[in-house]
Amino acid sequence: MPVRKGAPALRYAGTLCAALLLTGCARTAPPAPAPSTPKPPTASVAPAPPVGDARPERVTRIPGVGPRTQARIPDGTAQAFVVTGATADSNTATAVLYERNAAGRWTEAAGPWAARNALRGWTEDHDAGDLRTPIGVFRLGDAGGRLPDPGARLPYDQDQEFAISGTGFSGESLEGSFDHVIAIDYNRVPGRTPLDKERPLGPEKGGGVWIHVDHGGPTQACVALERDTLRELLVALDPAREPVVVMGPAAVLAR
């Protein structure tokens, strides 16, 4: 099994009007003109404030995802598969697919689903064989499996090399675990089959981290979903929406 993506200025127009009354002429000396009384200045009227905020609606964060994690999601991404563990050492998780609408608001599109991750939980510095799942935001761009394409829009590589045998950490059979997989772009070259073995960060940093079929126990580093759930996710992911996986324990994702 392999151990393995944002007023109005006030116009003050005060006018001062002074009316001067002129008296008529007479044969006698004209009386002293009555003192003129200037009119008070016209009161300026401030324009009414605008109703509401005229700015476009702000982009909201994904529930449970903090500003630091959200900032790692590419601007063009409109699908985020969020996998949240309870603690850093937990090997079970909850997964939800979120989508962003034209107004920039993230909403739940599918889930929540039960998920599994690596035996020893999560890590922000993954190494090969540490039995922990990498924490972070990673692109989802390639898929494949032993079985035929169930209708995925991601490029899908059907190959018998996805066959696997043996047993997992709980003694469960691993057969069928790779019937369908989605490659997580951790230490791999995007745009290639999930079977590709090139490791840009070096082999010591692990690789082959996939979303695959749940075999009934914790994984080596991957994320596992029930078979029907994985097929649903495969059909839902749209490469035009630049999907990513956001994964890790709740406390880290909330940063």
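Residues numbered from 1 in each chain as written. Predicted model: local features only at pLDDT ≥ 70, side-chain atom pairs only at ≥ 80, totals over all residues. Heavy atoms only, no water.

K.L.:
Could you give an account of the overall build of the protein chain, naming the residues involved and the relevant values?
P.N.:
Broken down by element type, the protein chain carries 3 helices and 11 strands. Beginning at the N terminus, the succession of helices and strands in the protein chain can be written as α-β-β-β-β-β-β-β-β-β-β-α-β-α. Per element, the accessible surface of the protein chain, about 14,000 Å² overall, is 55% carbon and sulfur. (Helix = DSSP H or I, 4+ residues; strand = E, 2+ residues; numbered from the N terminus. Areas by Shrake-Rupley, 256 points an atom, 1.4 Å probe, with all protein chains shown as cover.)

K.L.:
How would you summarise the packing of aromatic side chains if you had to cite specific residues and measurements?
P.N.:
Taken as a whole and judged by the stated rule, the model has 4 aromatic pairs. Aromatic pair phenylalanine 81 and tryptophan 113: ring centres 6.3 Å apart, planes at 45°, arrangement tilted. Residue phenylalanine 81 is located in strand 1 (residues 79-85), and its partner tryptophan 113 is located in strand 3 (residues 106-116); the two are separated by 32 residues in the primary sequence. For phenylalanine 81, a relative accessible area of 0% translates into the label buried. Relative to tyrosine 186, the ring of phenylalanine 138 has its centre 5.9 Å away and its plane inclined at 90°; by these criteria the two rings are edge-to-face. Here the residue phenylalanine 138 occupies a position in strand 6 (residues 136-145), and tyrosine 186 occupies one in the loop between strand 8 (181-184) and strand 9 (210-213), the gap between them amounting to 48 residues. (Phe/Tyr/Trp six-rings, centres within 6.5 Å; stacked < 30°, edge-to-face > 60°. Buried < 20%, exposed > 50% of the residue type's maximum accessible area, 1.4 Å probe, protein only.)

K.L.:
Account for the pairing of strand 11 (residues 244-249), with residues named and values stated.
P.N.:
Among the 6 residues in strand 11, 6 count as buried, and that is most of the element. Alignment of strand 1 against strand 11, held across 6 bridges, turns out to be parallel. Bridged to threonine 84 within strand 11 is glycine 248. In this sheet, strand 11 lies alongside strand 6 in antiparallel orientation, the contact comprising 4 bridges. Across the sheet, the residue bridging to glycine 136 is methionine 247, located in strand 11. (Pairing = 2+ DSSP bridges.)

K.L.:
Quick one: what's the story with the confidence of the model for the protein chain, residue by residue and with numbers?
P.N.:
Considering every residue of the protein chain, the mean pLDDT works out to 84; 77% of them sit at 70 or more. Throughout residues 1-58 the model reports pLDDT below 50, and contacts reaching past four residues in sequence, or to other chains, amount to 54 contacts. (pLDDT = per-residue confidence, 0-100. Contact = heavy atoms within 4.5 Å.)

K.L.:
Before we move on, could you go through the nonpolar core and cite the residues and values that matter?
P.N.:
In this structure, Phe81, Val83, Ile182, Ile184, Ile211 and Leu233 are the most contacted members of the largest nonpolar core, which totals 32 residues. Residue contacts for isoleucine 211: discarding those within four places in its chain leaves Phe81, Leu140, His180, Val181, Ile182, Ile184, Val223, Leu225, Leu230 and Leu233. Counting 12 residues, the second-largest nonpolar core is a separate cluster that includes Ala80, Val82, Val246 and Leu253. (Core = buried A, V, L, I, M, F, W, Y, C linked by side-chain atoms within 4.5 Å.)

K.L.:
So what's going on with the pattern of salt bridges? Which residues, and what values?
P.N.:
Taken as a whole, this structure holds 14 salt bridges when the rule is applied. The shortest N-O distance in the salt bridge between aspartate 179 and arginine 146 comes to 2.8 Å. Here arginine 146 lies in the loop between strand 6 and strand 7 (156-158) and aspartate 179 lies in the loop between strand 7 and strand 8, a separation of 33 residues in the sequence. With relative accessibility at 28%, the residue arginine 146 sits in the partly exposed group. The structure contains a network of salt bridges with shared partners spanning Arg139, Asp142, Asp185 and Arg188. (Salt bridge = Lys/Arg side-chain N within 4 Å of Asp/Glu carboxyl O.)

K.L.:
Now, about the pairing of strand 6: what can you tell me, with residues and values included?
P.N.:
Among the 10 residues in strand 6, 9 count as buried, and that is most of the element. Where strand 6 and strand 8 come together, 4 bridges link them in antiparallel fashion. Across the sheet, residue aspartate 142 finds its bridge partner in strand 8, namely alanine 183. Direction of pairing for strand 6 relative to strand 7: parallel, over a ladder of 3 bridges.

K.L.:
Got a sec to walk through helix 2 (residues 227-236)? Specific residues and values, please.
P.N.:
All of the buried residues in helix 2 are Thr229, Leu230, Leu233 and Leu234. Angular distribution of buried residues about the axis of helix 2 spans 140°; they occupy a single face of the element. (Arc of directions from axis to C-beta.)

K.L.:
How would you sum up the environment of isoleucine 73? Please name residues and give values.
P.N.:
As for its placement among the helices and strands, isoleucine 73 is situated in the loop between helix 1 (67-70) and strand 1. Assessed through its relative accessible area of 5%, isoleucine 73 is described here as buried. Expressed as a C-alpha distance, the spacing of isoleucine 73 and glutamate 242, which sit 169 residues apart in the sequence, is 9.9 Å.

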